[in-house]
Amino acid sequence: MTDPYILYGVPASYYTGKARAYMRKQRIDFEERSSAHPAFAKDILPKTGRILIPVLQTPEGDVIQDSDDIIGWFEDRGLYRASAHPAGPVQRMLSHAFNLFGSEGMTRLAMHYRWSVLGQQEAFIAAGFAHGVAPELSPEAALQMARPVMDKLAGYLPLLGVTPETIPLVEAAYDEMLGILQKHFEKHPCLFGAWPSLGDYGLYGPMFAHLGRDPVPAFEMKTKASAVFRWTERLSAPNLDIPEFPSYPVTGFLPDDEVPATIDAFCCFMADEMLTELADQVAALARWLEANEATEGAPVVDKPHKRSIGRVETHYRGKPITTGLSPYRMLLLQKLQDAFDALTADEQAKVRDYFEKVGLTPVLTLRPARRVERRGNIEIWGKAA
């Protein structure tokens, strides 16, 4: 009997949800363990060098850290029921764009609704953190143990652009997003048909672990956008899970590269929510590279746990904010652009036309000055652009 894959993560984890949903939908035999499991410290940390989840351990003993790398590992080897990458060029590129937005562009929404309203959901959040450290704790002990960590994490909100000035904008954006996605998921099981794309999994990370599971935002989702919540259930199921769509025309992606009209509005929302900061991040990276040495093959950060290499002055819906300069965001942006560059000229023209219509052209043209790659489960500098 072949050993199963082991996925290290916890239910409250933003990125674990993305990998877990993919593996369930693909019916990959796996066991999930929390980072509190003794094997995590014994077998995983020596190979990753940092306490970050999710981490996949293969039956052969290989270790892959990062939700995108985990999904990519299975996709590259054809170890799936059906690929998460649509064949149509517009669907495929939109899938990458939604993955970028869900994985990096939604952190402000997700973290606000976890930490700004901590007082209304403290016991639930504390229990989630205890799962990754000491699952056997009582609720009272879990809260006592987790409170200092939770307070520290809540203190990072300003560096995510969550301030008293932006909170009304963040909450208005959540309401707007729920309204747009509700209209789509009333008519379609997933973004591009009945089968989830990489973009579905990218959005699912924050939409499940934070916005669909934490009590305060989950109440908003369930009461204002029941079809969106139902989509989060569907993404975590091992089958299609589409009983409310008995006449839906396909069980995979929509044919002929069809993009439902309801997706247009979400693309415009995503552009408003993400592109100003993304442009400022790319420009800030260029300035950082002018002032700092970046040797090809060298780690991007000087300490494994760091997720940013500087500060970025930008705006969120017209309000000035300061955020961290994220090399990982550049990595996902480059994956999108690499996928675009691999298309034929005719396919690229088709993608450009659609992206121009919905305001997403900058994700194709904002090229980072230096490549960010991953080797040995860490980000490293690649070649200059």
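Structure: see above.
Residues numbered from 1 in each chain as written. Predicted model: local features only at pLDDT ≥ 70, side-chain atom pairs only at ≥ 80, totals over all residues. Heavy atoms only, no water.

1. As for the overall build of the protein
The criterion, for reference: Where helices and strands are cited, they refer to DSSP runs of H or I of at least four residues and of E of at least two residues respectively, numbered from the N terminus. Radius of gyration here uses only the C-alpha atoms, and the compact-globule reference equals 2.2 Å multiplied by the residue count raised to the power 0.38. Each residue is assigned to one of three classes by its accessible area relative to the maximum for its type, calculated with a 1.4 Å probe on protein chains only: buried under 20%, partly exposed between the two thresholds, exposed over 50%. Note on contacts: a residue pair qualifies if any of its non-hydrogen atoms lie within 4.5 Å across the two residues. We get accessible surface area from the Shrake-Rupley algorithm with a probe of 1.4 Å; when it comes to residues, only the shown protein chains can shield them. Charge counting treats Lys and Arg as positive and Asp and Glu as negative, with His and both chain ends excluded. For charged residues, the charge sits on one atom: NZ in Lys, CZ in Arg, CG in Asp, CD in Glu.
Counting its secondary structure elements, the protein contains 15 helices and eight strands. In terms of C-alpha radius of gyration, the protein reaches 20 Å, essentially the compact-globule figure of 21 Å for 385 residues. Residues classed as buried in the protein amount to 56% of the 385 residues present. The long-range fraction of contacts in the protein, counting pairs at least 24 apart against all pairs at least 6 apart in sequence, stands at 75%. Looking at the protein as shown, the accessible area adds up to about 16,100 Å², and 55% of this sits on carbon and sulfur atoms. When the 41 positive and 49 negative side-chain charges of the protein are each reduced to one mean point, those points stand 2 Å apart.

2. Here's the deal with empty space enclosed by the protein
A water-sized probe, rolled over the atoms, reveals where empty space remains. Quick reminder of the rule: Lining residues are defined by having an atom within 4 Å of a point belonging to a cavity or pocket. Those points lie on a 1 Å grid over the protein atoms alone, cavities being sets where a 1.4 Å probe fits but cannot get out and pockets being open sets with protein on both sides within 12 Å along at least five of seven lines. Grid points are joined across faces, edges and corners, and a volume is the space filled by probe spheres set on the points. Under the grouping applied here, Gly and all other residues not named as nonpolar or charged are polar, the nonpolar ones being Ala, Val, Leu, Ile, Met, Phe, Trp, Tyr, Cys and Pro and the charged ones Asp, Glu, Lys and Arg.
What the rule picks out here adds up to two cavities of 30 Å³ or more. As a volume, the largest cavity reaches approximately 50 Å³. Residue lining of the largest cavity: Val300, Val301, Lys306, Arg307, Pro327, Tyr328 and Glu379, and that is the complete set. Looking at the lining of the largest cavity, its residues break down into four nonpolar, no polar and three charged. Roughly 30 Å³ of volume is contained in the second largest cavity. Looking at the second largest cavity, the residues that line it are Ala12, Arg114, Phe124, Ile125, Gly128, Phe129, Arg213 and Asp214. Examining the composition of the lining of the second largest cavity, we find that four residues originate from one element, helix H6 (residues 122-131), more than from any other.

3. Description of the nonpolar core
Counted only if it meets this: Nonpolar core, defined: a set of buried Ala, Val, Leu, Ile, Met, Phe, Trp, Tyr and Cys residues in which side-chain atoms within 4.5 Å join the residues together.
In this structure, Met23, Leu94, Phe98, Met177, Met207, Leu360 and Val363 are the most contacted members of the largest nonpolar core, which totals 105 residues. Considering every element that reaches this core, the biggest residue donor is helix H12 (residues 261-291), with 14 residues. Here Leu360 is in contact with Leu94, Cys267, Met270, Ala271, Leu275 and Phe355, once residues within four sequence places are set aside.

4. Structural notes on the packing of helix H4 (residues 89-105) against H12
Cut-off, in case you're wondering: Axes here mean lines fitted to C-alpha atoms, for a helix over just the part in contact, with angles spanning 0 to 180 degrees between N-to-C directions. For classification, angles of less than 35 degrees are called roughly parallel, those exceeding 145 degrees roughly antiparallel, those between 65 and 115 degrees roughly perpendicular, and all remaining angles oblique. Here a crossing is called left-handed whenever its near helix is offset anticlockwise from the far helix by less than a right angle, and right-handed whenever the offset is clockwise.
Contact geometry for H4 and H12: axes closest at 11 Å, N-to-C directions at 50°. Considering their axes alone, H4 and H12 lie oblique with respect to each other. For H4 against H12, the interelement crossing comes out left-handed. Contact residues: H4 offers Leu94, Ala97, Phe98, Leu100, Phe101 and Gly105, while H12 offers Ile263, Phe266, Cys267, Phe269, Met270, Glu273, Met274 and Leu278. A class-by-class count of the residues in the contact of H4 with H12 yields twelve nonpolar, one polar and one charged.

5. Digging into the sheet that holds strand S2 (residues 30-33)
Formally: When DSSP finds two or more bridges between a pair of strands, those strands are recorded as paired.
Strand order in the open sheet formed by four strands is S2-S1-S3-S4, with mixed pairing between adjacent strands. Of all strands in the sheet, those with a lone pairing partner are S2 and strand S4 (63-65), marking the two edges. Sheet twist, expressed as the average angle between the axes of neighbouring strands with direction ignored, equals 20°. As paired strands, strand S1 (residues 5-8) and strand S3 (residues 55-57) are joined by three bridges and run antiparallel to one another. Note that in S3 the partner of Leu7 across the bridge is Leu56. Lying over the sheet, helix H2 (residues 38-48) contacts S1, S2, S3 and S4, oriented at roughly 105° with respect to S3. Sheet contacts for helix H3 (residues 67-76): S1, S3 and S4; angle to S4, the most-contacted strand, approximately 130°.

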